[in-house]
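# An overview of the molecular structure
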Amino acid sequence: MRRFVLGGLAVHVFGGWGEIGGNQLLLEAEEGALLLDFGRPFGRWGTYFTEFLSPRTARFGLRDLLFLGLLPPLPGLYREGQADTLLPSHLERGLLGGGLPSGEKVLALLLSHAHLDHTGAVGYLRGDLPVVATAATAAVVKAMQDTAQAGVDGEAAYLTPRRPNAKKGGVLDGDRELYLRRPYRVLGSLGRFHERSPASKKGLGGHPWEEACSPLSLGPFRVEAFPVDHSVPGAASFAVETPEGLLVYTGDLRRHGRWGANTEAFLRALETREVLLLVVEGTRLGEVRPARTEEEVREALHAEVARWEGSPVAVDFAPRNLERLLSCLEVARDVGRALVVTAKDAYLLFGLAEAEPDPWEGVLREVLVLKEEKNRTEAWENALWEEAPVREVSLKEVAQDPGAYLLAFGFYEVNRLLDLRLLEAALGRKARRGAYIFSNSYWADQEQILDLEVLLAWLRRLDFHLLPEGLACLPQDPAGVKNPFHTSGHAPEPDLLEVVRRLRPRYLLPVHTERPERWRELYREGEVLLL
């Protein structure tokens, strides 16, 4: 943890310093405090947990996470009460304190966007803490929780009340009859999406979500949100008027994506104001080459898909990278294919269509949604098929003419390609070699290398060609793989420099970077003070 004091304003950095993601920042004034994001620190998390060793939150609440320093030990910040608690015994409560401010001072959480390294610890926060977010971010957060059947760790939109069970030695039990919504203050239009329960036999109660306007007054703070360009819809930067001056928090941003004009508008709105402190992301500090634009990615996808006329083609991109989904939809339209998405993708579009009808309502109507036979369907699936304006397609229909479709399938849908091959054989079709386009980020950590090995084994058996071809050699250096089918969600160093130069802060606090010291190389002493 790092703490910086600027007059009557204290800035506590619990996560995001010297690491990519895991942002957990607290702004503290005498009359109140604000949280800036509350994400999962994936790097530190991986030091202690693996796929089969996870925190025991469902039994012991925050015991493991507090002890290991993965959450700040602020008393009054977390779920603790008779109706719902994640601090079931003195063992967990004894891990709080240490001279830190009271979490009861926190007036709200400002949520910049819906990626887990910014939202992944929200589920632990007390259930009455307001969450300020754009309508699109709120919709994405809820849709991801609905479809993931998340436990405690994923309860960012609503929570299952948990209480100690004396008959079971005091371990936690979850309420089987009710979900409780968190009190979101939504910047934009609400719609009805937030009212839908993800379970047919479990109600959705708690705090109603409310529409709010920017700027928003929160105790001694005045908060203004600015849409910015990122790989997930709804991303925002925040300008916070504090008792000591203006603080600007970029969240994650860039200018080379589909919504680059948003970032430019954000800079123009603030470059004439006096900025006391700029909290700036720096994921790609040290990368000086211009970023590939999303338009260039779309063009590369178009050229590649067109080469595989008549053959099955799958494109693998991140679940919340709906900018890439838009690019794939445009490519499919241009080459005479129909884009096929999963039900989870469509449900996410369903929520976004209420928050931002343009463009998501039209996208939802245009894509085809894969309909599969299942023994049991979840409530969110029933809502999708019964209420959303979607068109369904089966794999059998795809198998009749694979060249007529573009499949938005990723690693966890690869077995659908097996079904496709079997259905082609059953229909008496001669299977043509397919293409699997990796349009996703690739960091080459050990877990991802293992996943890539598994993917390659599947693709060899199914006669699908992996693109770009450089991934087939399992590279240890991801920077060495030229992937024309993907671009980063983060600004490269020259664009980050422009953000700082245009906003001219008195103090600079780098977060979301493994190289915070890089700023000392970029700025002369006295030009800006690096915290």
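Each chain carries its own residue numbering, running from 1 in the written order of its sequence. Local features are withheld for residues below a pLDDT of 70 in this predicted model, meaning they are given only at 70 or higher, and side-chain atom pairs are given and counted only at 80 or more; totals for whole chains, interfaces and linings count all residues. Excluded from the side-chain calculations are hydrogens and water; all other atoms, namely the structure's heavy atoms, are used.

Numbering of helices and strands runs from the N terminus; a helix is a DSSP stretch of H or I covering at least four residues, while a strand is a stretch of E covering at least two. The helix and strand inventory of the chain stands at 17 helices and 27 strands. Here the C-alpha atoms of the chain give a radius of gyration of 24 Å, agreeing with the 24 Å that 2.2 N^0.38 yields for 531 residues. Considering the chain as a whole, with its 531 residues, one finds that 58% of them fall into the buried category. Only heavy atoms enter the contact rule, under which two residues are in contact if any of them lie within 4.5 Å. In the chain, once contacts between residues fewer than 6 apart in sequence are set aside, the share between residues at least 24 apart is 70%. All accessibility values rest on the Shrake-Rupley procedure with a 1.4 Å probe; residue burial counts only the protein chains present in the view. Total accessible area on the chain stands at roughly 22,500 Å², and carbon and sulfur atoms take up 48% of it. Once the 63 positive and 75 negative side-chain charges of the chain are each reduced to a mean point, those two points are 3 Å apart. When we talk radius of gyration, it's over C-alpha atoms, and the globule rule is simply 2.2 Å times the number of residues to the 0.38. The buried label applies to any residue whose accessible area, calculated with a 1.4 Å probe on protein chains only, is under 20% of its type's maximum; exposed applies above 50%, and partly exposed to all values in between. Only four residue types enter the charge count, namely Lys and Arg as positive and Asp and Glu as negative; His and the chain termini do not. Note that the charge is assigned to NZ on lysines, CZ on arginines, CG on aspartates and CD on glutamates.

Turning our eyes to something else, we now look at the packing of helix H10 (residues 343-355) against helix H12 (residues 379-387). Under this scheme, a helix contributes an axis fitted over its contacting stretch, all axes are lines through C-alpha atoms, and angles between N-to-C directions fall in the 0 to 180 degree range. Look at H10 against H12: their axes get within 10 Å of each other, and the N-to-C directions meet at 70 degrees. In terms of orientation, H10 lies roughly perpendicular with respect to H12. Remark: the crossing between H10 and H12 carries left-handed chirality. Taking contact as the criterion, the partners of Ala 343, Lys 344, Ala 346, Tyr 347 and Phe 350 in H10 are, on H12, Trp 380, Ala 383, Leu 384, Trp 385 and Glu 387. For this classification, the nonpolar set comprises Ala, Val, Leu, Ile, Met, Phe, Trp, Tyr, Cys and Pro, the charged set comprises Asp, Glu, Lys and Arg, and every other residue, Gly included, is treated as polar. The residue makeup of the contact of H10 with H12, split by class, is 8 nonpolar, no polar and 2 charged. Should an angle fall under 35 degrees it is taken as roughly parallel, and over 145 as roughly antiparallel, whereas 65 to 115 is taken as roughly perpendicular and any remaining angle as oblique. Rotating anticlockwise by less than a right angle from the far helix to the near helix defines a left-handed crossing, while the corresponding clockwise rotation defines a right-handed one.

The next thing to look at is the layout of surface pockets. With a 1 Å grid spanning the protein atoms alone, the term cavity applies to any set of points in which a 1.4 Å probe fits but cannot get out, the term pocket to an open set with protein on both sides within 12 Å along at least five of seven lines, and the term lining residue to any residue with an atom within 4 Å of a point. Grid points are joined across faces, edges and corners, and a volume is the space filled by probe spheres set on the points. Within this model, the second largest pocket holds a volume of roughly 400 Å³. Lining the second largest pocket are 21 residues, and of these Gln 149, Tyr 179, Pro 198, Ala 199 and Glu 378 sit closest to its centre. At the level of secondary structure, the elements contributing two or more residues to the lining of the second largest pocket comprise helix H6 (135-148) and H12. Per-element accounting of the lining of the second largest pocket gives the leading share, 3 residues, to H12. For the lining of the second largest pocket, the residue count by class is 7 nonpolar, 7 polar and 7 charged.

Before going further, it helps to examine the pairing of strand E3 (residues 24-29). For E3, the buried fraction is high: 6 of the 6 residues fall into the buried class. Side chains Gln 24, Leu 26 and Glu 28 of E3 all project onto a buried face; the interleaved residues Leu 25, Leu 27 and Ala 29 project onto the opposite face, where all are buried too. The sheet contact formed by strand E2 (residues 9-15) and E3 spans 5 bridges and is antiparallel. What sits directly across from His 12, in E3, is Leu 26. For two strands to be treated as a pair, DSSP must find no fewer than two bridges joining them. For E3 and strand E4 (residues 32-38), the ladder comprises 6 bridges, and the chain directions are antiparallel.

Turning to helix H11 (residues 357-366), its buried residues are Trp 360, Val 363 and Leu 364. For H11, the buried positions fall inside an angular range of 100 degrees around the axis, keeping them on one side. In this structure, the buried residues of H11 make contact with helix H9 (322-335) and H10. Working note: the arc is built from the helix axis to C-beta atom directions.

A few words on the sheet that holds strand E1 (residues 2-6). Picture the strands of a sheet paired through backbone hydrogen bonds; they go either parallel or antiparallel. Spatially, the 8 strands line up as an open sheet ordered E1-E2-E3-E4-E5-E6-E11-E13, and their pairing is mixed. A single partner strand is all that each edge strand has here, and the edge strands are E1 and strand E13 (210-212). For this sheet the average axis-to-axis angle between neighbouring strands, irrespective of direction, equals 25 degrees. Seen against the sheet, H6 touches strand E6 (131-134) and strand E11 (184-187) and runs at an angle of roughly 105 degrees to E6.

Below, the discussion takes up empty space enclosed by the protein. This model, assessed by the stated rule, comprises 1 cavity of 30 Å³ or more. Volume-wise, the largest cavity comes out at about 80 Å³. Lining of the largest cavity is provided by Ala 135, Ala 138, Ala 139, Val 186, Ser 189, Leu 190, Phe 193, His 194, Trp 209, Gly 351 and Ala 355. At the level of elements, H6 and H10 are the ones that each hand at least two residues to the lining of the largest cavity.

Another point: the pattern of salt bridges. Think of it this way: side chains of opposite charge can pair up when their charged atoms draw near. Whenever Lys or Arg places a side-chain nitrogen within 4 Å of a carboxyl oxygen from Asp or Glu, that contact is recorded as a salt bridge. Under the counting rule described, the total for this entry stands at 42 salt bridges. Close ionic contact of Glu 28 with Lys 105 constitutes a salt bridge, the shortest N to O distance being 3.2 Å. A residue pair is termed long-range when its members are at least 10 positions apart, and Glu 28 in strand E3 and Lys 105 in the loop between helix H4 (90-93) and strand E5 (106-110) qualify at 77 residues. According to the relative accessible area criterion, Glu 28 is buried, its value standing at 16%. For Lys 105, a relative accessible area of 24% gives the class partly exposed.

Nonpolar cores are built from buried Ala, Val, Leu, Ile, Met, Phe, Trp, Tyr and Cys residues. Side-chain atoms within 4.5 Å join them into one set. Counting 91 residues, the largest nonpolar core has Phe 38, Tyr 78, Tyr 124, Tyr 184 and Leu 339 as the members making the most contacts within it. With 9 residues, the single largest contributor to this core is H10. Residues Leu 6, Leu 27, Ala 108 and Leu 277 belong to the second largest nonpolar core, which totals 30 residues.

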